[in-house]
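In case you want the letters, here they are:
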Amino acid sequence: MFNLILFGPPGSGKGTQSEMLISKYGFKHLSTGDLLRSEIANKTDLGLKAKSFMDNGQLVPDAVVIGMVDAAINANKQASGFLFDGFPRTKAQAIALDELLESHGTAISLVLALDVPEEELIVRMINRAKTSGRSDDADEAVQKKRISVYKNETLAVAEHYAAFDKVITLNGLGQIDGIFSSLCKEIDARA
Ligand code: ADP
């Protein structure tokens, strides 16, 4: 199995690039943001629990997210590889993911990190708010909160995998196709 983490701050283009990567490589896409939004749309208990955290730009508690990912991995055991998008977002989630994958006889193969300056992230999120319909995109204070949560809690995930030499950082500025090609080059060199 080739298991990839697409890593980067909110607004760095993970969702856009993930879609292109899954259609090229056939990864099973596992976006915790998408899974949580679908729980909210279906008004499940989990969705009701998650919504207020998300609307405030905070992380949903680790136990909730890890349980959801565990179920998604178990439901897709035949996949040739997973693309994790927006997960792990804390060191505890990274350790839990490593354990889950190990219990399935596999591991994270590569972490591709998109590097985008903070000013550009805010511009992109403001633009995304016009079309996404996401309640957590509407407010600039929430966007800033998401970026500070990223710095304070999520950057530790890159450090965790850097210790295993699994992280490649790429420039996330420029044309979507150019960024996609640089991601593909790194995958092709290892897959
Ligand atoms: P973005 O890339 O803009 O941050 P996501 O769709 O990945 O958007 O996430 C939206 C929100 O969902 C996050 O701000 C957070 O509240 C919640 N969320 C998504 N993934 C996780 C996760 N792995 N752990 C905790 N909360 C999460």
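Scroll up to find the structure this text is about.
Calculation rules
- Residues numbered from 1 in each chain as written.
- Predicted model: local features only at pLDDT ≥ 70, side-chain atom pairs only at ≥ 80, totals over all residues.
- Heavy atoms only, no water.
- Helix = DSSP H or I, 4+ residues; strand = E, 2+ residues; numbered from the N terminus.
- Rg over C-alpha atoms; globule rule 2.2 N^0.38 Å.
- Contact = heavy atoms within 4.5 Å.
- Areas by Shrake-Rupley, 256 points an atom, 1.4 Å probe, with all protein chains shown as cover.
- Lys, Arg positive; Asp, Glu negative; His and termini not counted.
- Charge placed at Lys NZ, Arg CZ, Asp CG, Glu CD.
- Polar contact = N/O pair within 3.5 Å; in protein donor to acceptor, adjacent residues only side chain to side chain.
- Buried < 20%, exposed > 50% of the residue type's maximum accessible area, 1.4 Å probe, protein only.
- Core = buried A, V, L, I, M, F, W, Y, C linked by side-chain atoms within 4.5 Å.
- Axes fitted to C-alpha atoms, helices over the stretch in contact; angles between N-to-C directions.
- Parallel < 35°, antiparallel > 145°, perpendicular 65-115°, else oblique.
- Nonpolar A, V, L, I, M, F, W, Y, C, P; charged D, E, K, R; others polar.

Visitor: Any chance you could explain the overall build of the protein chain here in plain terms?
Guide: On a plain count of helices and strands, the protein chain comes out with 8 helices and 5 strands. Going from N to C terminus, the protein chain has its helices and strands arranged as β-α-β-α-α-α-β-α-β-α-α-β-α. By the compact-globule yardstick of 16 Å for 191 residues, the protein chain fits well, its C-alpha radius of gyration being 16 Å. Taking the principal axes of its C-alpha atoms as reference, the protein chain extends roughly 40 × 40 × 30 Å. Excluding contacts between residues fewer than 6 apart, the proportion of contacts in the protein chain whose partners are at least 24 apart in sequence is 75%. Summed over all atoms, the accessible surface of the protein chain reaches about 9400 Å², with 52% contributed by carbon and sulfur. Taking the average place of the 21 positive charges on the side chains of the protein chain and the average place of its 25 negative ones, the gap between the two points comes to 3 Å.

Visitor: Teacher, can you tell me more about unusual backbone geometry here?
Guide: With an omega dihedral of -5°, the bond running from Phe87 to Pro88 counts as a cis peptide bond. By the element assignment, Pro88 lies in the loop between strand E3 (82–85) and helix H5 (91–103). At Lys43, a position not held by glycine, the phi torsion is positive, near 55°. By secondary structure assignment, the location of Lys43 is in the loop between helix H2 (32–41) and helix H3 (45–55). Backbone geometry places Asp165, a non-glycine residue, at a positive phi of 60°.

Visitor: When you look at the side chain of Thr106 in this model, what are you seeing that I'm missing?
Guide: Mapped onto the elements of the fold, Thr106 is located in the loop between H5 and strand E4 (110–115). Reaching out from Thr106, the side chain makes a polar contact with the side chain of Asn3 at a distance of 2.9 Å. Sequence-distant contacts of Thr106, defined by excluding residues within four places in its chain, comprise Met1, Asn3 and Leu101.

Visitor: Please explain the environment of Lys145 as it appears in this structure.
Guide: Within the secondary structure, Lys145 sits in helix H7 (residues 140–162). On the basis of relative accessibility, which here comes to 35%, the residue Lys145 falls in the partly exposed class. Between the C-alpha atoms of Lys145 and Gln58, which are 87 residues apart in sequence, the distance is 7.2 Å. Once you skip the residues sitting within four places of it in the chain, Lys145 turns out to touch Asn56, Gly57 and Gln58.

Visitor: Which parts of the structure should I look at to understand the nonpolar core?
Guide: In globular proteins that are soluble, nonpolar side chains generally tend to be buried together. Val69, Ile73, Phe84 and Leu97 are the most contacted members of the largest nonpolar core, which has 28 residues in total. No other element matches the 6 residues that helix H4 (residues 62–74) contributes to this core. Ignoring anything within four residues of it in the chain, the contact list for Ile73 reads Leu30, Phe82, Phe84, Leu97, Leu100, Leu101 and His104. Core analysis: the second largest hydrophobic core is formed by 15 residues, Leu83, Leu110, Leu114 and Cys184 among them.

Visitor: Could you clarify how one ought to interpret the packing of H2 against H4 in this entry?
Guide: The geometry of a pair of packed helices is captured by two quantities: the angle between their axes and the separation between those axes. Relative orientation of the contacting elements H2 and H4 amounts to 100°, with a least axis distance of 11 Å. For the element pair H2 / H4, the angle class is roughly perpendicular. Residues Thr32, Leu35, Leu36 and Glu39 of H2 form the contact with H4, whose participating residues are Val65, Met68, Val69 and Ala72. Looking at the contact of H2 with H4 residue by residue, the classes come out as 6 nonpolar, 1 polar and 1 charged.

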